[in-house]
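Below, each chain spelled out in residue letters.
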Amino acid sequence: MVSLSSNLLYIAFVLYLVATAFFGGAIKGKKEGQEAKGSNKWAKIAITITIAGFIAQLGYFITRWIAAGHAPVSNLFEFTTFFGMSLVGAFIVIYFMYQTPLLGVFTLPVAILIIAYASMFPREISPLIPALQSDWLHIHVTTAALGEAILAVSFAAGLIYLIKSVDQSVKTKSTFWLEAVMYGIVSTIGFIVVASIFSFADYQAEFTYTDKNGVQATYEYHMPALIGPNEGELITEGRFAPIVETPAIINSKKLNTVIWSLAAGLLLYWLIRLVARKRLAAILKPLVKNVNLDLVDEISYRSVLIGFPVFTLGALIFAMIWAQIAWTRFWGWDPKEVWALITWLFYAAFLHLRLSKGWHGEKSAWLAVIGFVIIMFNLIVVNLVIAGLHSYAGS
Amino acid sequence: MNEVKCECGHVNPHGTVLCESCGNILEEKERQKQLVDMRYEGSARRSQTYNKTIVDKIWNFFSSVKVGVWLIVVTLVASALGTILPQEMYIPPVGTAAEYYEDQYGWFGKLYYDLGFHNLYSSWWYLILIASIGISLVICSLDRVVPLYRALNKQRVTRHEGFLKRQRLFGVSDTPPSSDSLQKLKDNLKKKRYSIREENGNILAEKNRFSRWGPYVNHVGLIIFLIGGMLRFVPGMYIDQVVWIREGETKVIPETEGEYYLHNDQFILELYDKENDGEVFGEALDRNGMVVKNYQSNVTLYKKDGDTVPGEEPELDKVKDFQIRVNEPLKFEGFALYQVDYKLNELNKMTFTLQEKETGKEFGEIQIDLFDPKKSYELANGYSVDVMSYFPDFEFNSDGEPATKSRIPNNPAFIFKMITPDNPEGEISFVAIQETIEPMGDNEYKMAFKAAETKNVAGLTVRKDLTLWIISLGGLIFMIGVVQGAYWNHRRLWVRAVDGKVWTAGHTNKNWHGLKRELDDIFAGTGLDVPKEQLTDDGKKG
């Protein structure tokens, strides 16, 4: 059952890749000037493959649920994978509302990256600690993830808007920040590539070090240590010795991973720029030339309108009900709770700016991008760095 | 107050931009624009009309969406600051908070503590921010909902030409208003669930007006939620206590005014193991080591029967047996008892024997209840042991004297006086774990440690929260309002015959794309032109 489950996830992953290619074909197949309204053959094949992938991933989810005896949303790998699946689900629904293949070209790669990112974390099925043994586990987590996924579609639409609307012939603040977003995406690819290479090579280096309480402890690095732990000593022979040593308060292993990812991202980014002699956003620009800006703006806004209530229900209301049952109080200012509140406040501000202050088009697209950054911050940084009661097993 | 009378005869409140009834433009400025501002139907908002007294100024400040958004953004940033370092409630309870932050996080920790960020969410300025958002919610909503209600309630079917041609979607059909095409249009509108009003052959088709109230409904929900949060500070509304109960012990439940008692039969801690819990978890258990499966207190709840005088043993009636687990609190009469903490193997009783050192001969055993030691233990044949001092949690204090850190027997120590026929005055012996001191020189007898009995202790939170239903109600109303506002759109279509032509204008509060597609369907087969987008790329709104 467990191996069937992982195979289904693998199949889903491949199908999403294929579907992206077909969506790419769907927008290429158009003649210049034609509206990107897709009832063409390529788009039909693409959405069919996407749905097939989604069903395969649903299969992964159900079989893993049966195998584990609990909803597979209990650790970082499972939650992030589910988030990727929700993103595909949300995309499918919104695709049928607006019929824009271009949205697939941007949403599916984001979902693919998220699922690939998820599988860099420990994938074994873990038993539930007492606090998680509740039906609210799947009710709260799935609704919250779904809400975030719908909001993420708004990011994809916002990104399309910006790639089309930002003028690439001059260097501006907009081009800078758009490249920053591109670099962020490329660094995620960097992380996945580096982690996969070293995991394939089975790289291991053990260190003893002094932790912040002055106690001797050990770390097992799975990437060459550019950054070593406090008073760290390399035990495994023939491994790379760290260049810099960190103070005890910093988790050197995580920092090391971050630096590898950013460096790999930088390398990739510059390679692409050297070869293409253009900004990344400028490379993507021809893809979006036929899209109607109004329509993309509307999709972005609509996704926020649909996603916001779902997010509120899942990430705040269901969360509060469960917190009252499991932790005796519905709200406790745990970092994850606070970041859910921050996300909620941000989108509330977004809606007010849009409805009452008339922020639309480019401004609204930037807000959609920032919102996604906050969601990702809550998923990655809060889990891995700040932690707290929601500390999923990650590392 | 100078009211404004429109040419259609309707009397509007002072400050109205578009006549509530016919939509005629009442303010000269507005006439210059290509499109009218439909945001609040051009109604007279207090904040846009008066700005003289101090009340006006406060009202205008809080009714501004700009101010509201700033409040949200500042709260957002402040909330984020509080997650940089753990809040005081999450740090381990050793030493003072000031020391902890400086120890762990250096100068930054000290700064964080000095700024009060270790208790950020209960700081006065954070509470002021939340309160300001609350005030802003009330005033913003009132400022808009009342005039909006008037305008939507008083709107009439026949709208002013100036109003129609300044709508975002507008069209003039040259076809004369034949009843055939209008009938077809009406049929199509009905199919799309529009409600239709007619006046002199003119049409107003409208649907989902209720979605306009969504924002105000959700604001009401939020206000109720915030009021619920405030009520927590009213005495008696909210109880948060922890009670520790040892196995075999019966304790009064705090805050129940001596009405309820709880007996702890057993505390259970279970771990996952590979044999019984299925091999799927094998890999995870190998990597993470021990994983807890269950924390459970088997308890019995009792209710006091009748009145008791202080000091008298109460008579208890059993209410029920219950197994308290995480996620499964014991509930009774508005109270809930939660499994939150535990302590395994706490020392409970210790057994010693009185022994003659030279011969090893024993003269009887004493068992000391570490929570209630007796002053003196009589043994047979004129032997006895007095407990002169008892230190449940022994340490040497700063003066080098024996003392106790707490009343919990973490490290019990005794000063015994052993009275034997050989030494009727008694010999003094200081006995701690793994340590014996004989302060008066060598003794002939000693207290030899024999056995210890331990018990598990359950830590339970006693909770009563009378604000929960208000908070839930607020949450429910918020959800209804937000769904009402987000998932439906208020759409209108006006049709008016002007000089033998048909004028049409469409409006929606959001999702214009959806309205346009719907109008394409509605106008299909009517022979009338679909109203067209009049807005150019600049200045579009959602």
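Since this is a predicted model, take the numbers as computed values, not measurements.

S.K.: Any chance you could break down the overall build of chain B for me, citing the residues and the numbers?
M.R.: Looking only at helices and strands, one finds 12 helices and 24 strands in chain B. Taking 2.2 N^0.38 as the reference for a compact globule, 542 residues should give roughly 24 Å; the C-alpha atoms of chain B span a radius of gyration of 39 Å, well beyond that estimate. Oriented by its inertia axes, the alpha-carbon framework of chain B measures out at about 130 × 55 × 55 Å. Considering only intrachain contacts with a sequence separation of at least 6, the fraction spanning at least 24 residues in chain B is 62%. Total accessible area on chain B stands at roughly 27,900 Å², and carbon and sulfur atoms take up 53% of it. Across chain B, the mean location of the 65 positive side-chain charges is 18 Å away from that of the 76 negative side-chain charges.

S.K.: Break down empty space enclosed by the protein for me, citing the residues and quoting the values.
M.R.: Residues and elements named next belong to chain B. Under the criterion given, the structure shown has 3 cavities of 30 Å³ or more. There is about 50 Å³ of room inside the largest cavity. Lining the largest cavity are Leu18, Cys19, Glu20, Gly23, Met38, Glu41, Ala151, Arg159 and Phe163.

S.K.: Outline the domain arrangement of chain B, listing residues and values.
M.R.: Domain boundaries assigned for chain B yield domain 1 (238–344 + 459–473) and domain 2 (347–453). Centre-to-centre, using C-alpha coordinates, domain 1 of chain B lies 36 Å away from domain 2 of chain B.

S.K.: Which residues make up the UniProt feature "transmembrane region" (unreviewed entry) in chain B, and what values do they have?
M.R.: All names here are of chain B. In the numbering used here, UniProt assigns the "transmembrane region" (unreviewed entry) feature to residues 67–85, 124–146, 216–234 and 466–488. In residues 67–85, the share of helix is 79% and the share of strand is 0%. The end C-alpha atoms are 29 Å apart. Helix makes up 87% of residues 466–488 and strand 0%. Its end C-alpha atoms lie 35 Å apart.

S.K.: Which residues make up the interface of chain A and chain B, and what values do they have?
M.R.: In this complex, chain A contributes 64 residues to the contact, which on the side of chain B involves 61 residues. Note on chain A versus chain B: buried area summed over both sides is about 5,300 Å², and carbon and sulfur give 64% of it. Counting across the interface, chain A meets chain B through 0 salt bridges. Between the two partners, chain A and chain B, sit 17 residue pairs in polar contact (both at pLDDT 80 or more). Of all the elements, helix α9 (residues 293–326) of chain A adds the most residues to the side of chain A that touches chain B, at 18 residues. Across the side of chain A that touches chain B, the residue classes break down as 42 nonpolar, 13 polar and 9 charged.

S.K.: Could you give an account of unusual backbone geometry, naming the residues involved and the relevant values?
M.R.: Residues and elements named next belong to chain B. If you check the backbone angles, Glu41 has positive phi at about 60 degrees while not being a glycine. With respect to the helices, strands and loops of the structure, Glu41 is situated in the loop between α1 (28–31) and α2 (46–49). Under the relative-accessibility criterion, Glu41 is labelled buried at 6%. One non-glycine residue, Asn200, adopts positive backbone phi at about 50 degrees.

S.K.: An account of the side chain of Asn202 of chain B is requested, with residue identities and associated values reported.
M.R.: Along the chain, the position of Asn202 of chain B falls in strand β5 (residues 202–207). In this structure, Asn202 of chain B is in contact with Val157, Thr158, Arg197, Val495, Arg496 and Ala497 of chain B, ignoring residues within four places of it in sequence.

S.K.: Give me the pattern of salt bridges: which residues, what numbers.
M.R.: By the definition in use, this model includes 30 salt bridges over all chains. The salt bridge partner of Arg64 of chain A is Glu78 of chain A, with a shortest N-O separation of 2.8 Å. Note that Arg64 of chain A is positioned in helix α2 (residues 41–68) and Glu78 of chain A in helix α3 (residues 76–98), a separation of 14 residues in sequence. Classification of Glu78 of chain A as buried rests on a relative accessible area of 0%. Of the charged contacts in the structure, one is a salt bridge between Asp56 of chain B and Arg46 of chain B, with a shortest N-O distance of 3.0 Å. Remark: Arg46 of chain B occurs in helix α2 and Asp56 of chain B occurs in helix α3 (residues 54–63); sequence separation between them is 10 residues. If you follow the salt bridges from partner to partner, you end up with Arg246, Glu249, Lys343 and Glu346 of chain B in one network.

S.K.: Mind laying out the sheet that holds strand β8 (residues 260–271) of chain B, listing which residues take part and the relevant values?
M.R.: Residue and element names in this part refer to chain B. On the basis of which strands lie adjacent, the open sheet formed by 4 strands has the order β7-β8-β9-β10 and antiparallel pairing. The open sheet has two edge strands, β7 (250–252) and β10 (315–325), and neither has a second partner. Strand-to-strand twist across the sheet, computed as the mean angle between neighbouring axes with direction ignored, equals 25 degrees. Inspection of the sheet shows strand β9 (residues 292–305) paired to β10 by 10 bridges, in the antiparallel sense. Note that in β10 the partner of Thr300 across the bridge is Asp321.

S.K.: Describe the sheet that holds strand β2 (residues 216–221) of chain A, and please don't skip the residues or the numbers.
M.R.: All names here are of chain A. Taken in spatial order, the 3 strands of this open sheet run β2-β1-β4, and their pairing is antiparallel. In this open sheet, the two strands that pair with only one neighbour each are β2 and β4 (233–234). Where strand β1 (residues 205–210) and β2 come together, 6 bridges link them in antiparallel fashion. What sits directly across from Thr210, in β2, is Gln216.

S.K.: Give a description of the UniProt feature "domain: ResB-like" (unreviewed entry) in chain B that names residues and reports values.
M.R.: Residue and element names in this part refer to chain B. In the numbering used here, UniProt assigns the feature "domain: ResB-like" (unreviewed entry) to residues 65–426 and 441–520. For the annotated span residues 65–426, helix accounts for 30% and strand for 34% of the residues, and the straight-line distance between the end C-alpha atoms is 85 Å. This span, residues 441–520, is 36% helix and 46% strand, and a straight line between its end C-alpha atoms measures 108 Å.

S.K.: I'd like a description of the packing of aromatic side chains, backed by residues and values.
M.R.: Counted according to the given criterion, the structure contains 60 aromatic pairs over all chains. Measuring from centroid to centroid gives 6.0 Å for Tyr149 of chain B and Trp213 of chain B, while their planes differ by 45 degrees, and the two rings are tilted. Highlighted residues: Tyr149 of chain B in helix α6 (residues 124–154) and Trp213 of chain B in the loop between β5 and α9 (214–231), separated in sequence by 64 residues. Ring centres of Phe170 of chain B and Trp503 of chain B lie 5.4 Å apart, and the angle between their planes is 80 degrees; on these two criteria the pair is classed as edge-to-face. Here Trp503 of chain B lies in strand β23 (residues 501–508) and Phe170 of chain B lies in strand β3 (residues 169–173), a separation of 333 residues in the sequence. Residue class for Trp503 of chain B comes out buried when judged on its relative accessible area of 15%. The cationic tip of Arg239 of chain A hangs over the ring face of Tyr203 of chain A; the distance from NZ or CZ to the ring centre is 4.7 Å. Lying across the ring of Trp59 of chain B, Arg46 of chain B places its NZ or CZ 5.3 Å from the centre.

S.K.: Can you lay out helix α12 (residues 512–523) of chain B for me, pointing to particular residues and giving the numbers?
M.R.: Residue and element names in this part refer to chain B. Its 12 residues give α12 an end-to-end C-alpha distance of 16 Å, which sits within 8% of 16 Å, the value for a rise of 1.5 Å per residue. Trp512, His513, Gly514, Leu515, Glu518, Leu519, Ile522 and Phe523 are the residues of α12 that are buried. Remark: Gly525 follows α12 within two positions and exhibits a positive phi of approximately 80 degrees.

S.K.: Give me the domain arrangement of chain A: which residues, what numbers.
M.R.: Quoted interface sizes are often the accessible area lost when the parts come together. Residue and element names in this part refer to chain A. For chain A, the domain assignment lists domain 1 (2–168 + 278–394) and domain 2 (186–277). The distance between the C-alpha centroids of domain 1 and domain 2 comes to 28 Å. Between domain 1 and domain 2, the contact holds 9 residues from the first and 13 residues from the second. Carbon and sulfur atoms supply 78% of the area buried between domain 1 and domain 2, which totals about 1,000 Å² over both sides. Three residues, Met120, Lys278 and Leu280, lead the burial of domain 1 against domain 2; their summed loss comes to 51% of the area buried on that side. Our count for the contact surface shared by domain 1 and domain 2 stands at 0 salt bridges.

S.K.: Any details on the packing of α9 of chain B against helix α11 (residues 468–487) of chain B? Residues and values, ideally.
M.R.: Residue and element names in this part refer to chain B. Two numbers describe how α9 lies on α11: the axes approach to 7 Å, and their chain directions differ by 165 degrees. Here α9 is positioned roughly antiparallel relative to α11, judged by the angle of their axes. When the axes of α9 and α11 are compared, the crossing they make is left-handed. Residues Gly214, Pro215, Val217, Asn218, Gly221, Leu222, Ile224, Phe225, Gly228, Gly229 and Leu231 of α9 lie in contact with α11, whose contacting residues are Ile470, Ile471, Leu473, Gly474, Gly475, Ile477, Phe478, Gly481, Val482, Gln484 and Gly485. Across the contact of α9 with α11, the residue classes tally to 12 nonpolar, 10 polar and no charged.

S.K.: Can you explain the environment of Phe478 of chain B? Please cite residues and give values.
M.R.: Looking at the secondary structure, you find Phe478 of chain B in helix α11. The exposure class of Phe478 of chain B is buried, given its relative accessible area of 5%. C-alpha separation for the pair Phe478 of chain B and Asn218 of chain B, spaced 260 residues apart in sequence, amounts to 4.0 Å. If near-sequence neighbours (up to four positions away) are discounted, Phe478 of chain B is found in contact with Phe308, Thr312 and Trp344 of chain A together with Asn218, Gly221 and Leu222 of chain B.

The rules behind the values
- By convention here, each chain's residues receive numbers from 1 onward along its written sequence.
- Chain letters and ligand numbers both follow the written order, the letters beginning at A and the numbers at 1.
- Totals for whole chains, interfaces and linings use all residues, but because this is a predicted model, local features are given only for residues with pLDDT of at least 70 and pairs of side-chain atoms are given and counted only at 80 or more.
- Each side-chain value is derived from all of the structure's non-hydrogen atoms; neither hydrogens nor water enter the calculation.
- In this text, helices come from DSSP runs of H or I with a minimum length of four residues, and strands from runs of E with a minimum of two, each type numbered from the N-terminal end.
- C-alpha atoms define the radius of gyration, and 2.2 Å times the number of residues to the power 0.38 defines the globule rule.
- Note on definitions: a residue-residue contact is assigned when non-hydrogen atoms from the two residues lie within 4.5 Å.
- Note that accessible areas follow from Shrake-Rupley with a 1.4 Å probe, and for residues the cover is restricted to the protein chains shown.
- Residues counted as positive are Lys and Arg, residues counted as negative are Asp and Glu, and His and the chain ends are not counted.
- Charge positions come from single atoms, namely NZ of Lys, CZ of Arg, CG of Asp or CD of Glu.
- Only protein atoms enter the 1 Å grid used here. Points where a 1.4 Å probe fits but cannot escape make up a cavity, open sets with protein on both sides within 12 Å along at least five of seven lines make up a pocket, and a residue lines them when an atom lies within 4 Å of a point.
- Grid points are joined across faces, edges and corners, and a volume is the space filled by probe spheres set on the points.
- An automatic or database domain assignment provides the domain bounds reported here.
- UniProt positions are given in the numbering used here, feature names are shortened, and annotations may be inferred rather than shown by experiment.
- Throughout, the accessible surface (probe 1.4 Å) given up by two parts as they are put together, summed over both, is called the buried area.
- Counted as salt bridges are all cases of a side-chain nitrogen of Lys or Arg within 4 Å of a carboxyl oxygen of Asp or Glu.
- A 3.5 Å cut-off defines polar contacts: any pair of N or O atoms within that distance qualifies, except that in protein one atom must be a possible hydrogen donor and the other a possible acceptor, and neighbouring residues in sequence count only when both atoms are side-chain atoms.
- Gly is placed with the polar residues, together with every amino acid not listed as nonpolar (Ala, Val, Leu, Ile, Met, Phe, Trp, Tyr, Cys and Pro) or charged (Asp, Glu, Lys and Arg).
- Only protein chains enter the accessibility calculation, which uses a 1.4 Å probe. A residue is then buried if its area is under 20% of the maximum for its type, exposed if over 50%, and partly exposed in between.
- When DSSP locates at least two bridges between a pair of strands, those strands are taken to pair.
- Axis angles are defined between N-to-C directions and span 0 to 180 degrees, where every axis is a line fitted to C-alpha atoms and, for a helix, only to the segment in contact.
- Between the rings of Phe, Tyr and Trp (Trp by its six-membered ring), a pair exists once the centres lie within 6.5 Å; its type follows the angle of the planes, with under 30 degrees stacked, over 60 edge-to-face, and the other angles tilted.
- In this scheme, Lys NZ or Arg CZ marks a charge over a ring once it lies within 6 Å of the ring centre and within 35 degrees of the ring normal.
- Expected span, for any helix, means 1.5 Å times one less than how many residues it has.
- The labels follow the angle: roughly parallel below 35 degrees, roughly antiparallel above 145, roughly perpendicular from 65 to 115, and oblique for the rest.
- Two helices cross in a left-handed way if the nearer one is turned anticlockwise from the farther one by less than a right angle. They cross in a right-handed way if the turn is clockwise.

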